[in-house]
Amino acid sequence: MSDKPDTTSAGRTGRTGRAGPRPEPIRFFGVTWVDHDGGYAIRRAAVTVGSLAAIVAGCLVLRFAYEGLEIAAVGGFVTGLVVVMFAVCSALAFRHTWAGYTKRPAPDSQSALRGLLTIGFVGTLTAYFFRSLTEAPGESLHRTEYETASHRKRN
């Protein structure tokens, strides 16, 4: 969140049409989340469909991996461990991603969990899908920060 006014070189207010702190752009949405303009609804629909398609593709990849373990005949114990590992990592990734939409995660914990979030990519995509059904993922967090900064600027 920047406290500098959003101005162009001509001195007019920028895309948001407001002087004051600039809203932080959200991936795939830019700053359209501020006023829900600029194709916001179409972007939300596209993000919802895209994340659902990514979930399906991810599950197909995991199915191929499971079939590869079956073909390799590594045994039931190893196959079970892999299935449990992906399930637990996906659940933890879902929880971490979902919590990240309401409060900013600590940077050190984010980097420490990078591997877990990568393994549990289906959980991350699922959280993204469910959040995109109601708002741009992260919109409530960004809106709260933007309104707080705007209120602080006015006072």
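Residues numbered from 1 in each chain as written. Predicted model: local features only at pLDDT ≥ 70, side-chain atom pairs only at ≥ 80, totals over all residues. Heavy atoms only, no water.

Enquirer: Account for the nonpolar core, naming residues and giving values.
Expert: In terms of nonpolar packing, the biggest core is built from 12 residues, these being Ile-26, Phe-29, Val-31, Trp-33, Val-34, Tyr-40, Val-47, Tyr-101, Ala-127, Tyr-128, Ala-136 and Tyr-146. Put simply, the parts of the chain that give this core at least two residues each are α1 (40-72) and α5 (121-132). In contact with Val-47, not counting residues within four places along its chain, are Phe-28, Phe-29, Tyr-128 and Ser-132. (Core = buried A, V, L, I, M, F, W, Y, C linked by side-chain atoms within 4.5 Å. Buried < 20%, exposed > 50% of the residue type's maximum accessible area, 1.4 Å probe, protein only. Helix = DSSP H or I, 4+ residues; strand = E, 2+ residues; numbered from the N terminus. Contact = heavy atoms within 4.5 Å.)

Enquirer: Mind laying out α1, listing which residues take part and the relevant values?
Expert: Counted at 1.5 Å a residue, the expected span for α1 with its 33 residues is 48 Å, and the 47 Å between its end C-alpha atoms agrees. If you check which residues of α1 are buried, you get Tyr-40, Arg-44, Val-47, Thr-48, Ser-51, Ile-55, Gly-58 and Leu-69. Next to the buried residues of α1 lie α2 (76-99), α5 and α6 (139-154). In the stretch just after α1, Ala-73 is the one whose phi turns positive, near 55 degrees. (Expected span 1.5 Å × (residues − 1).)

Enquirer: An account of the confidence of the model for the chain is requested, with residue identities and associated values reported.
Expert: Averaged over every residue, the pLDDT of the chain is 85; residues scoring 70 or more account for 88%. Taking the mean pLDDT of every element in the chain, the minimum, 82, falls on helix α3 (residues 107-112) and the maximum, 96, on α5. Below a pLDDT of 50 lies the segment residues 2-14, which in the model reaches 24 contacts outside its immediate sequence neighbourhood of four places, other chains included. (pLDDT = per-residue confidence, 0-100.)

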